[in-house]
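Coordinate analysis (summary)
Listed below are the residues making up each chain.
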Amino acid sequence: MSDAKDKPAVVLLSGGLDSATTLAIARDAGFACHALSFDYGQRHRFELDAAGRVSEALGAVDHRVVKLDLSAQGGFGHSALTDNLPVPKDRQLRSPEAEGRNAGASEIPPTYVPGRNTIFLSIALGYAEVIGAFDLFLGVNAVDYSGYPDCRPAFIEAFERMANLATAAGAEGKGRFTIHAPLIERSKAEIIRRGLELGVDYSLTHSCYDPDEAGRACGQCESCRLRLRAFREAGAADPIEYS
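What comes next concerns the included structure. (Residues numbered from 1 in each chain as written. Predicted model: local features only at pLDDT ≥ 70, side-chain atom pairs only at ≥ 80, totals over all residues. Heavy atoms only, no water.)

So, the environment of Ala 72
Where we set the bar: Only DSSP runs of H or I reaching four residues or more are called helices, and only runs of E reaching two or more are called strands; each is numbered from the N terminus. In what follows, a contact means two residues having at least one pair of non-hydrogen atoms within 4.5 Å.
Within the element layout of this structure, Ala 72 appears in the loop between strand S3 (62–67) and helix H3 (96–99). Separated by 11 residues in the primary sequence, Ala 72 and Asp 83 have C-alpha atoms spaced 6.3 Å apart. In this view, Ala 72 contacts Gly 77 and Asp 83; residues no more than four positions away in its chain are not counted.

Let's talk about the packing of helix H4 (residues 116–131) against helix H5 (residues 153–166)
The line we're drawing: To define axes, lines are fitted to C-alpha atoms, for helices over the stretch in contact only, and angles between the resulting N-to-C directions are given on a 0 to 180 degree scale. Handedness of each helix crossing follows the sense of rotation of the near helix against the far helix: counterclockwise by less than a right angle gives left-handed, clockwise gives right-handed.
Following both chains from N to C, one finds H4 and H5 inclined at 35°, their axes separated by 12 Å at the closest point. Two packed elements cross with a definite hand, and for H4 against H5 that hand is right-handed. Across the interface between the two elements, Asn 117, Thr 118, Leu 121, Ser 122 and Leu 125 from H4 touch Phe 155, Phe 159, Met 162 and Ala 163 from H5.

Considerations on the side chain of Arg 227
The condition that has to hold: We call a residue buried when its accessible area falls under 20% of the maximum for its residue type, exposed when it is over 50%, and partly exposed in between, using a 1.4 Å probe and counting protein chains only. Under the rule applied, a polar contact is a pair of N or O atoms within 3.5 Å (in protein, one hydrogen donor and one hydrogen acceptor; residues adjacent in sequence only if both atoms are side-chain atoms).
Within the element layout of this structure, Arg 227 appears in helix H8 (residues 222–234). The class for Arg 227 is buried, based on a relative accessible area of 1%. A polar contact of 3.0 Å, which involves the side chain of Arg 227, links it to the side chain of Asp 238. In this view, Arg 227 contacts Leu 17, Ile 192, Tyr 202, Thr 205, Ser 207, Asp 238, Pro 239, Ile 240 and Tyr 242; residues no more than four positions away in its chain are not counted.

Structural notes on the pattern of salt bridges
For clarity, the cut-off: Take a side-chain nitrogen of Lys or Arg and a carboxyl oxygen of Asp or Glu: if they are within 4 Å of each other, that pair is a salt bridge.
Overall, the coordinates contain 10 salt bridges when judged by the stated rule. Among the ionic pairs, Arg 194 bridges to Glu 197, the shortest N-O distance being 3.1 Å. Separated by 3 residues within a single helix, Arg 194 and Glu 197 lie in helix H7 (residues 188–197), roughly one turn from each other. Looking at Arg 194, the relative accessible area reads 24%, which means it is partly exposed. One network of salt bridges, with partners in common, ties together Asp 28, Arg 194 and Glu 197.

Thoughts on the packing of aromatic side chains
Given two aromatic rings, one states the distance between the centres and the angle between the planes to describe the pair. The following threshold applies: Aromatic rings from Phe, Tyr and Trp, with only the six-membered ring used for Trp, were paired whenever their centres fell within 6.5 Å, and each pair was classed as stacked if the ring planes differed by under 30 degrees, edge-to-face if by over 60, and tilted otherwise.
Throughout the structure, instances matching the rule amount to 7 aromatic pairs. A ring pair is formed by Tyr 202 and Phe 231, whose centres lie 5.8 Å apart and whose planes are at 85°; its orientation type is edge-to-face. Placement of the pair is Tyr 202 in the loop between H7 and H8 and Phe 231 in helix H8, with a sequence separation of 29 residues. Here Tyr 202 and Phe 231 have matching classes, each one buried. Of the aromatic side chains, those joined through ring pairs into one cluster are Phe 38, Tyr 40 and Phe 120.

Focus: the sheet that holds strand S2 (residues 32–39)
Our working definition: Strand pairing follows a simple DSSP-based rule, namely that at least 2 bridges must link the two strands.
If you trace the 5 strands from one edge of the open sheet to the other, you get S3-S2-S1-S4-S5, paired in parallel fashion. Where the open sheet ends on each side, the last strands, each with one partner, are S3 and strand S5 (178–180). On average, each strand axis in the sheet is inclined to that of its neighbour by 25°, with strand direction left out of account. Inspection of the sheet shows strand S1 (residues 8–12) paired to S2 by 5 bridges, in the parallel sense.

Overview of the pairing of S3
Here is the rule we go by: Looking down the strands as they point away from the viewer, one classifies a crossover as right-handed if the path from the first strand across the helix to the second runs clockwise.
Two strands pair when backbone bridges link them, and S2 and S3 are joined in this way by 6 bridges, in the parallel orientation. Note on S3: the bridge partner recorded for Leu 36 is Arg 64. Crossover connection from S2 via helix H2 (residues 46–57) to parallel S3: handedness right-handed.

What to know about the side chain of Ser 187
Among the secondary structure elements, Ser 187 is positioned in the loop between S5 and H7. Beyond its immediate stretch of four places on either side in the chain, Ser 187 contacts Val 143 and Asp 144.

Focus: the packing of helix H1 (residues 17–28) against H7
Heads up, the condition is: Comment on the angle field: the value is read as roughly parallel under 35 degrees, roughly antiparallel over 145, roughly perpendicular from 65 to 115, and oblique elsewhere. Just so you know the grouping, Ala, Val, Leu, Ile, Met, Phe, Trp, Tyr, Cys and Pro go in nonpolar, Asp, Glu, Lys and Arg go in charged, and all remaining residues, Gly too, go in polar.
At a minimum axis distance of 10 Å, the contact between H1 and H7 shows a crossing angle of 45°. As far as their axial angle goes, H7 and H1 are oblique. In the crossing of H1 with H7, the sense of the turn from one axis to the other is left-handed. From H1, Leu 17, Asp 18, Thr 21, Ile 25 and Asp 28 reach across to H7, where they touch Lys 188, Ile 191, Ile 192, Arg 194 and Gly 195. Taken together, the residues of the contact of H1 with H7 break down into 4 nonpolar, 2 polar and 4 charged.

Spelled out as structure tokens, the structure:
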């Protein structure tokens, strides 16, 4: 990414700490970052406000929010993040050292949203082709994560191959699409340390799957617990408010 000065890139931005760090990494590499977020019917909509704050703070060229409905009302659903299903609390965290990065595939939690990253990346790919970008960034992680199948290296590699087969820009040889997942092999603590080095203000981010009405994190869902553990391991204080 050393020759990336002012090249356009599409960065998926949820508003969480991983995507904020990914945006900072892309910006640091010299890309002109076009941030893309999704209003997909998620119950934790505070993350969209966080995405706007992060985008502005980290100097994205622009920030677009795409509205689509992945809830049961929209004909999709089957996720605790979009439907009236309980968000698991105090679930045992994965141990990547013991289990390996592909472990847990048979224990995918109810917070998995069917096809989410495939859908998001597909829209990002179309947007990238329109603005002439061949670099797409997303903050998936296969170390400290919930076991979602669309966060693994094999998925990223497969999507990149597809992107170069299924687009006019790829077929006509105008360029080669690259899916950047700079956090995929990093622990959550390593991600936080890198973000702090790059000046990420984590007080602007939102990670909780089940916040209260004021947007305060619950501290008990898997996303909160991974975040809290990571800040402890990084030797840093988590600056967000918990209920």
